[in-house]
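Here are the chains, one letter per residue:
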Amino acid sequence: MIKFKYTFKEDLLKLVRETIANYTSDFIIGYLNEGDANSDNLRHSSLYLVCECLEPTPNMRVYQNPIAVVARNQYSAVGMFNEITGNGSGTVLCEMENRCDNLKVEAIE
């Protein structure tokens, strides 16, 4: 896996801070499968914001532990989240970018 840092755009930052419990950072850590790192695969991939979803009551959802995931679809993004975190309660909060071939990120590790 390739790990990277993605800085939120202003409109997304507002959504994240309002939706995810106790999230104060202006960036998020993201992951990409090494096999998908070429530009042809990235052109057909999206950047998803995936979180752990808790339901403390039937009418309430709490989102926490967000990560960004580059994947071809939401199903793959949730699968990657579950693999990375070891948590089976991942859900896609939103699609942050619909093409990743020109995405600007900062590599980590």
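Structural data are supplied above this passage.
Now for a quick tour of the structure. (Residues numbered from 1 in each chain as written. Predicted model: local features only at pLDDT ≥ 70, side-chain atom pairs only at ≥ 80, totals over all residues. Heavy atoms only, no water.)

Looking at the nonpolar core
Grouped together as the largest cluster of nonpolar side chains are 21 residues, with contacts concentrated most on Tyr6, Phe8, Leu47, Leu49 and Met96. Only strand E1 (2-7), helix H1 (10-19), strand E2 (27-32), strand E3 (46-57), strand E4 (60-71) and strand E5 (90-97) provide two or more residues apiece to this core. It is E3 that contributes the most residues to this core, four residues altogether. With residues near it in sequence (within four places) discarded, Phe8 still touches Leu13, Val16, Tyr23, Ser25, Asp26, Phe27, Ile28 and Met96. (Core = buried A, V, L, I, M, F, W, Y, C linked by side-chain atoms within 4.5 Å. Buried < 20%, exposed > 50% of the residue type's maximum accessible area, 1.4 Å probe, protein only. Helix = DSSP H or I, 4+ residues; strand = E, 2+ residues; numbered from the N terminus. Contact = heavy atoms within 4.5 Å.)

Some words on the pattern of salt bridges
All chains considered together, the criterion is met by four salt bridges. Asp101 is the salt-bridge partner of Arg99, the closest N and O atoms lying 2.5 Å from each other. On the basis of relative accessibility, which here comes to 42%, the residue Arg99 falls in the partly exposed class. Looking at Asp101, the relative accessible area reads 23%, which means it is partly exposed. (Salt bridge = Lys/Arg side-chain N within 4 Å of Asp/Glu carboxyl O.)

Re the environment of Thr24
Tracing the backbone through its elements, the reader meets Thr24 in the loop between H1 and E2. You can call Thr24 exposed: its relative accessible area is 66%. Measuring from C-alpha to C-alpha, the distance between Thr24 and Leu13 comes to 9.3 Å, with 11 residues separating the pair along the chain.

Points about the layout of surface pockets
Its boundaries defined by the atoms lining it, the largest pocket holds a volume of some 180 Å³. Sorting elements by how many residues they give to the lining of the largest pocket places E1 first, with three residues. A class-by-class count of the residues in the lining of the largest pocket yields 10 nonpolar, no polar and two charged. (1 Å grid on protein atoms, 1.4 Å probe; cavity = no way out; pocket = protein on both sides within 12 Å on 5 of 7 lines; lining within 4 Å. Points joined across faces, edges and corners; volume = space filled by probe spheres on them. Nonpolar A, V, L, I, M, F, W, Y, C, P; charged D, E, K, R; others polar.)

Looking at the side chain of Glu52
Mapped onto the elements, Glu52 comes out in strand E3. Nearest to the buried, unbridged Glu52 among oppositely charged side chains is Arg61, at 13 Å. Each residue touching Glu52, except ones within four places of it in the same chain, is listed here: Val62, Tyr63, Gln64, Asn65, Phe81, Asn87 and Ser89. (Lys, Arg positive; Asp, Glu negative; His and termini not counted.)

Focus: H1
Among the residues of H1, Leu12, Leu13 and Val16 are the ones counted as buried. Seen from one end, H1 has its buried residues packed into an arc of 105 degrees, which puts them on one side. Among the exposed residues of H1, those oriented more than 90 degrees off its buried face are Glu10, Asp11, Lys14 and Glu18. (Arc of directions from axis to C-beta.)

Regarding the packing of aromatic side chains
Enumeration according to the criterion identifies two aromatic pairs in this entry. When the centroid spacing of 6.3 Å and the interplanar angle of 85 degrees are considered together, the rings of Tyr6 and Phe8 count as edge-to-face. Judged by its relative accessible area of 7%, Phe8 is buried. With a centroid separation of 6.2 Å and an interplanar angle of 85 degrees, the aromatic rings of Phe8 and Tyr23 are classed as edge-to-face. One end of the pair, Phe8, is in the loop between E1 and H1; the other, Tyr23, is in the loop between H1 and E2, with 15 residues separating them in the sequence. Like Tyr23, Phe8 is buried. (Phe/Tyr/Trp six-rings, centres within 6.5 Å; stacked < 30°, edge-to-face > 60°.)

Geometric descriptors of this kind do not, in isolation, establish any biological role.
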